[in-house]
Amino acid sequence: MGPHPAVAAIRLAVRRVLHDILTEQPPTPDTRRTPARGAARPCAPDPERVPAPGTRRSMPAPARATHDGHPAGSLPRPGGEAPPAPLVLVACSGGADSMALASALAFEAPKLGIRAGGITVDHGLQPGSDLRADEVVLRLTELGLAPAESITVTVGRDGGPEAAARDARYAALDSAAERHGARAILLGHTRDDQAETVLLGLARGSGIRSLSGMAAVSGADGRYRRPFLHLDRQTARKACMVQSLPVWDDPHNADPAYTRSRLRHEGLPALEKALGKGVVEALARTAQLSRDDADALDAWASQAEASVRDAAGLLECAKLYALPPAVRRRILRRAAIEAGAPAGSLFARHIEEIDRLITGWRGQGAINLPGKVVAQRQGGRLVIRQG
């Protein structure tokens, strides 16, 4: 008799992602892309390195060998020495989604010769959060994940509490991946999370890229993987229940002070009541379609950018005007970011103001952008630079 359907579903989702990781060319110091601004810099993994303060670490479990004696997914080095088996980490809060993900990783990884570990991040935003993090580490260890550790972070205030906590969490995960030399980090976002992300993007009016939600693969070198984007939240919770996995329900997820919490408990139920069942599935499908369209437009803009610059590299307004608005605005946004405007602070209204220098030129003055960047029209050219 096979596993419960919910358990089978989460294991299959994780197995597919692990197969993808094994078949991809691992990044090297020569081929690794430059990380995004603010991300941790790549460094060579050191297995003897002492964990950072505030972390707990367990020894990695030995990798499963294939018939030729080498870990699955690896090739022998010159001289017959096999490289270490790839390490995949799971980011685990102790909630149902991430515990289901951790259990599936612990089950599937040894079959493929992959080392599996777990990281939990203590944001320090609730009393007893350190004890909760220690409990999660214990659960990860009991599942057989190694290394398993807790990382304590300090949450700032930029962008609001939710954004600040997210930034601190990803910075900690990036650091852990670099320190352990992990090939990837699995995240437990579900189809329900995707639907909420699409609605939040729609409320911001940020355009099609915002409506594309979360990518299945993201981060520097495709570090972050989201196996559950096609599974609903109830499947993950059911998988935990039938496996007798203890889960923790974060009280912040039910706190109406947080926008996503209000959307989850009030907004989406109201939409389903008004429009009928299937809203979550439709929103998740919208995310994928929007992502495909946004990727195509980004590629078009990348190809068109060279054709709208003069010999000095300045953007020519007449040539920009001739482009479709969706392509032109992507070029303008990219130019503003290259000039130093922080991507996270550059909103649709900023790009629209720059665009009016092209489409509604009436002799207006310079446009001030985040990051002390200035955009202005000079002699038929668009100049975007630090002010």
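Residues numbered from 1 in each chain as written. Predicted model: local features only at pLDDT ≥ 70, side-chain atom pairs only at ≥ 80, totals over all residues. Heavy atoms only, no water.

Engineer: Would you take a moment to explain the side chain of Arg-233 for this structure?
Structural biologist: Along the chain, Arg-233 turns up in helix 7 (residues 233-242). In this structure Arg-233 comes out as buried when scored by relative accessible area, which is 17%. (Helix = DSSP H or I, 4+ residues; strand = E, 2+ residues; numbered from the N terminus. Buried < 20%, exposed > 50% of the residue type's maximum accessible area, 1.4 Å probe, protein only.)

Engineer: Where do I start with the environment of Ser-212 in this structure?
Structural biologist: Tracing the backbone through its elements, the reader meets Ser-212 in the loop between helix 6 (208-211) and strand 5 (217-218). With 15 residues separating them along the chain, Ser-212 and Thr-197 place their C-alpha atoms 8.6 Å apart. Residues within four places of Ser-212 in sequence aside, it is in contact with Gln-194, Ala-287, Ser-290 and Arg-291. (Contact = heavy atoms within 4.5 Å.)

Engineer: What is the right way to read the sheet that holds strand 4 (residues 184-186) from this model?
Structural biologist: Pairing is mixed in the open sheet, where six strands are placed in the order 3-2-1-4-6-5. Looking at the sheet topology across the chains shown, the edges are occupied by strand 3 (148-152) and strand 5. Looking at chain direction, strand 2 (residues 115-122) and strand 3 are connected through five bridges and run parallel. By the bridge assignment for strand 3, Thr-120 is matched with Ser-150. (Pairing = 2+ DSSP bridges.)

Engineer: I'm lost on the packing of helix 8 (residues 259-275) against helix 9 (residues 279-305) in this one. Help?
Structural biologist: To describe two helices that pack against each other, one gives the angle between their axes and the distance between the axes. Close contact between helix 8 and helix 9 brings their axes to 9 Å; oriented N to C, the two are set at 105 degrees. Our classification of the angle between helix 8 and helix 9 gives roughly perpendicular. For the pair helix 8 and helix 9, the contacting residues are Leu-268, Leu-271, Glu-272 and Leu-275 in the first and Val-279, Val-280 and Leu-283 in the second. Classifying every residue of the contact of helix 8 with helix 9 by side-chain character gives six nonpolar, no polar and one charged. (Axes fitted to C-alpha atoms, helices over the stretch in contact; angles between N-to-C directions. Parallel < 35°, antiparallel > 145°, perpendicular 65-115°, else oblique. Nonpolar A, V, L, I, M, F, W, Y, C, P; charged D, E, K, R; others polar.)

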